[in-house]
Amino acid sequence: MEKIKIILAGPRGKMGMEALKLIKETEHFELVAAIDRKNGGKMISEIDGLPAYDAPIYEDVDLCFQEIQADVLVDLTTPEIGRKHTEAAIKYGIRPVVGTTGFNEVELLELAKTAEQKGIGVIIAPNFAIGAVLMMKFAQMASKYFPDIEIIEQHHDQKLDAPSGTAIKTAELISKVRQQKDQGHPNEKETITGARGSKINGMHIHSVRLPGLVAHQEVLFGGNGQLLTIRHDSLHRSSFMSGVKLAVEAIMKIDILVYGLENIIE
Ligand code: NAP
């Protein structure tokens, strides 16, 4: 099998370091370069704490895409930078697998249009953990019978975007099948702004940020005399890597933008 040549953006990050391990352990993956905002001109192997890879680090994204022949960009950086990297990768014909969260609907539509024009695959997955994808699917199933829903997402306190991409994606999936409903009392008033969290299509989303947490989500369903809770916990960032592997393999066979891992697993 021919190796899939990968450029990794964000190699020093918590997700990036897990991705480096994944690439090393996967026989048909090859790291050809990394994009970072530090250490341009050095090799990955020269950076303390990173594996002994003879792959160059670039700070200039365009230069990296011009000089390095690659199949896939894996982006695990920050919302603003991730968007720029994704647009540049599409321009240079390198397929982006994006784990970076924080893309809004307009940005996704624009990227989908550009990907279609260029005939290039893009995968953006707000959650690469298979268990989280199942949690979203089960929540969508339950919402047909329980339209009163509150989502509580919990993440580490270094997360930049809120609510999480997973919470937004869950609400979007639920909205496809749930009868539209504005929940709570019609005269409800917040005495402190934000007390009821944010809202998507009438569903409330609450974002908790604490050190010690990784990525956790509960979807609470209320009914007459009963409650249902569907919960997923990512306890370590390694939980996301089987999804990253699936996405890197799948992107070689698609030529449109796919949003959400659930669209590439059975
Ligand atoms: P992190 O540890 O803060 O890592 C982000 C990395 O991006 C850092 O090394 C940061 O460098 C680097 N970076 C910042 N600006 C950059 C630039 N201009 N060029 C290249 N690299 C740059 O965060 P994380 O926990 O690994 O998460 C990374 C992203 O993945 C976040 O958007 C997070 O929400 C997302 N995430 C997705 C999933 C999923 O399943 N899809 C799961 C978990 C997390 P510095 O250290 O210099 O700031």
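Reading the values: the criteria
- Residues numbered from 1 in each chain as written.
- Predicted model: local features only at pLDDT ≥ 70, side-chain atom pairs only at ≥ 80, totals over all residues.
- Heavy atoms only, no water.
- Pairing = 2+ DSSP bridges.
- Helix = DSSP H or I, 4+ residues; strand = E, 2+ residues; numbered from the N terminus.
- Near = heavy atom within 4 Å.
- Polar contact = N/O pair within 3.5 Å; in protein donor to acceptor, adjacent residues only side chain to side chain.
- Areas by Shrake-Rupley, 256 points an atom, 1.4 Å probe, with all protein chains shown as cover.
- Buried < 20%, exposed > 50% of the residue type's maximum accessible area, 1.4 Å probe, protein only.
- Contact = heavy atoms within 4.5 Å.
- Core = buried A, V, L, I, M, F, W, Y, C linked by side-chain atoms within 4.5 Å.
- Expected span 1.5 Å × (residues − 1).
- Axes fitted to C-alpha atoms, helices over the stretch in contact; angles between N-to-C directions.

Caption draft 1: Quick look at the sheet that holds strand S3 (residues 57-58). Read across the open sheet, the seven strands follow the order S3-S2-S1-S4-S5-S6-S12; overall the sheet is parallel. Across the chains shown, the open sheet's two edge strands, defined by having one partner strand only, are S3 and strand S12 (257-259). In this sheet, S12 lies alongside strand S6 (residues 122-124) in parallel orientation, the contact comprising three bridges. The residue bridging Ile124 from the neighbouring strand is Tyr259, located in S12.

Caption draft 2: Quick peek at the site of the ligand. Close contacts around the ligand come from 22 residues, with Arg12, Met15, Arg37, Thr101 and Phe128 the closest. Arg12 places a polar side-chain atom, nitrogen or oxygen, 2.8 Å from an oxygen atom of the ligand. Lys159 has a polar side-chain atom sitting 3.2 Å from an oxygen atom of the ligand. About the coverage of the ligand: the protein hides 82% of its 920 Å² of free accessible area.

Caption draft 3: Summary view of unusual backbone geometry. For the peptide bond that leads from Ala162 to Pro163, omega is -5 degrees, which places it in the cis range. With respect to the helices and strands, Pro163 occurs in the loop between strand S7 (148-155) and helix H6 (165-175). Positive phi values are uncommon outside glycine, yet Asn39 reaches one of about 65 degrees. Within the secondary structure, Asn39 is located in the loop between strand S2 (29-35) and S3. In the Ramachandran plot, Asn201 falls in the positive-phi region, its phi being about 45 degrees despite a non-glycine side chain. Note on placement: Asn201 falls in the loop between strand S8 (198-200) and strand S9 (203-209). You can call Asn201 partly exposed: its relative accessible area is 39%.

Caption draft 4: Focus on the side chain of His216. When you line up the elements, His216 lands in strand S10 (residues 215-223). Take His216: its relative accessible area is 9%, and that puts it in the buried class. Separated by 2.7 Å, the side chains of His216 and Asp233 make a polar contact. For His216, the residues in contact, after removing those within four places along its chain, are Ile152, Glu153, Gln154, His155, Arg231, His232, Asp233, Ser234 and Leu235.

Caption draft 5: Local environment of the nonpolar core. Grouped together as the largest cluster of nonpolar side chains are 55 residues, with contacts concentrated most on Val74 and Val248. Once residues within four sequence positions are removed from consideration, Val74 is found in contact with Ile6, Ile7, Leu8, Ala9, Val97, Val244 and Val248. Ranked by size, the runner-up nonpolar core spans 15 residues in total, among them Ile7, Ala9, Cys64 and Ile68.

Caption draft 6: Looking closely at helix H5 (residues 130-143). For H5, built from 14 residues, the straight-helix expectation of 20 Å at 1.5 Å per residue is met to within 8% by its first-to-last C-alpha distance of 20 Å. All of the buried residues in H5 are Ala132, Val133, Met135, Met136, Ala139, Ala142 and Ser143.

Caption draft 7: Summary view of the sheet that holds strand S11 (residues 226-234). In spatial order, the strands read S8-S9-S7-S10-S11; together these five strands make up an open sheet with mixed pairing. Two strands bound the open sheet, and with one partner strand each, they are S8 and S11. Shown here is a sheet whose adjacent strand axes are inclined to one another by a mean of 20 degrees, direction ignored. Here S7 runs beside S9; their pairing, made up of six bridges, is parallel. Residue pairing in the sheet places Glu153 in a bridge with Ser207 of S9. Here H5 sits on the sheet and contacts S7, S10 and S11; the angle it forms with S11, its principal contact strand, is near 165 degrees.

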